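Notes for the structure review
The residues making up each chain are set out below.
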Amino acid sequence: MGVGEMGVGEVGRAPPGKLPVLITFMEMATPPQTPPRPAPGIAQGPLLARNCTLAYYRFLYDTIGERWLWSLRRGMDQDELSRMLADPQVEVHVIHVDGMPAGFVELDWRLLPADGTVAIDYLGLMPWAIGRGLGSWLLDWAVHHVWQRPRVRRLTINTCSFDHPAALPLYLRTGFRRLRQERKFVDDPRWTGVMPPTAGPHIPLAEPPLPTPSPPETQPTATDAPPRRPIAFRPSASRP
């Protein structure tokens, strides 16, 4: 059953400024049994973006994610994001078409030493690269790439009702299984200013958020008033 069949409206009417979303958490607990798929003839890579800069990452993330309301990294503290990208256990693999970045997959290996978990945090294509067979191949490449590493016990990924409707069926065909689903309300990033109003054109804009009440004005007390400065005497002849 796809995301669209679950009926995200079952969570009830969204509060002002909020969007209903259904998140599906998934895992793969055994290596794939099929050989890796050959790369489409138009694709080059994936190429690991070593020492990925914040500017390059934001170019990929913002351009690819604008259609799907990817807002987490946009609202994240940018110094924190830079530190995350500098971690060698966070990998950004980029594919190219005609010399241009066409998509990326972000792999997070930080939990591997603790419990054998690796996460596909993001996987997406540039708008112009969608529909050319690149997404399913990139996912297949990522799955095989992860399971080549020793001590991997599980690979996780998630999708939500904002994503492309083909995402969940693709993950199931690739060998992921559902762990759980969560319905919740999230801030519409187009109202918070994190994303432009044109983002996520297939997702209806949330109702306007309620205005934040202004704090009541208070009269300064004697202790709050600034100290009075003596006014210097200036003879009238010295005035301009």
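Residues numbered from 1 in each chain as written. Predicted model: local features only at pLDDT ≥ 70, side-chain atom pairs only at ≥ 80, totals over all residues. Heavy atoms only, no water.

Topic: helix H1 (residues 54–65)
For the record, the criterion: Strands here are runs of E lasting at least two residues and helices are runs of H or I lasting at least four, both read from the DSSP assignment and numbered beginning at the N terminus. One less than the number of residues in a helix, times 1.5 Å, gives the span that helix is expected to have. Classification of residues uses two cut-offs on accessible area relative to the type maximum, computed with a 1.4 Å probe and protein chains only: under 20% is buried, over 50% is exposed, and between them is partly exposed. The contact rule is simple, with two residues in contact once any of their heavy atoms fall within 4.5 Å.
An ideal rise of 1.5 Å per residue puts 16 Å on 12 residues; H1 measures up with 15 Å between its terminal C-alpha atoms. Those residues of H1 that sit buried are Tyr57, Leu60, Tyr61, Asp62, Ile64 and Gly65. Looking at the buried positions of H1, the neighbouring elements they touch are helix H2 (72–75), helix H3 (78–86), strand S3 (90–97), strand S4 (100–108) and strand S5 (117–125).

What to know about the sheet that holds strand S7 (residues 177–187)
Rule in force here: The pairing criterion is simple: DSSP has to find at least two bridges between the two strands. Throughout, an axis means a line fitted to C-alpha atoms (over the contacting stretch in the case of helices), and angles, computed between N-to-C directions, take values from 0 to 180 degrees.
Across the sheet, which stays open at both edges, the seven strands sit in the order S2-S3-S4-S5-S6-S1-S7 with mixed pairing between neighbours. Both edges of this open sheet fall to strand S2 (43–48) and S7, since each of them pairs with a single strand only. Across the sheet, the mean angle separating the axes of adjacent strands is 25° when strand polarity is ignored. Where strand S1 (residues 18–28) meets strand S6 (residues 154–160), six bridges bridge the pair, whose relative direction is antiparallel. By the bridge assignment, Thr24 is partnered in S6 with Thr159. The sheet strands contacting H1 are S3, S4 and S5, and the helix crosses S4 at an angle near 100°. In the packing of helix H5 (residues 134–147) onto the sheet, the strands contacted are S1, S2, S3, S4, S5 and S6, and the crossing angle to S5 comes to about 160°.

Side note on the confidence of the model for the chain
Going by this rule: The score called pLDDT rates the predictor's confidence residue by residue, from a low of 0 to a high of 100.
Confidence in the prediction for the chain averages 88 pLDDT; 84% of positions are at 70 or higher. Within the model, pLDDT remains below 50 along residues 1–9, and this stretch shows 18 contacts once partners closer than five positions in the same chain are excluded. Low pLDDT, under 50, characterises residues 222–240; the predicted model gives this stretch two contacts beyond four residues in sequence or across chains.

A closer look at the packing of H1 against H3
Short version of the rule: Any angle that falls under 35 degrees is termed roughly parallel, while one over 145 is termed roughly antiparallel, one within 65 to 115 roughly perpendicular, and all others oblique. Each residue is assigned to one of three groups, with Ala, Val, Leu, Ile, Met, Phe, Trp, Tyr, Cys and Pro labelled nonpolar, Asp, Glu, Lys and Arg labelled charged, and all others, Gly among them, labelled polar.
Running from amino to carboxyl end, H1 crosses H3 at an angle of 100°, the nearest separation of the two axes being 10 Å. Taken together, the axes of H1 and H3 lie roughly perpendicular to each other. Where H1 abuts H3, its residues Leu54, Tyr57 and Arg58 lie against Gln78, Leu81, Ser82 and Leu85. Among the residues forming the contact of H1 with H3, the class breakdown is four nonpolar, two polar and one charged.

Concerning the environment of Ile157
For Ile157, the location among the structural elements is in strand S6. For Ile157, a relative accessible area of 5% puts it in the buried group. Counting along the chain gives 19 residues from Ile157 to Phe176, while the straight-line C-alpha distance between them is 8.2 Å. Setting aside anything within four residues of it in sequence, one finds Ile157 in contact with Thr24, Phe25, Met26, Ile120, Leu139, Tyr171 and Phe176.

Details of unusual backbone geometry
Residues Gly45 and Pro46 are joined by a peptide bond in cis, for which omega reads 5°. A positive phi is found at Asn51, a non-glycine position, where the angle reads about 50°. Topologically, Asn51 is positioned in the loop between S2 and H1. Here the phi dihedral of Leu69 falls at roughly 60°; this positive angle occurs in a residue that is not glycine. Overall, the relative accessible area of 6% leaves Leu69 in the buried class.

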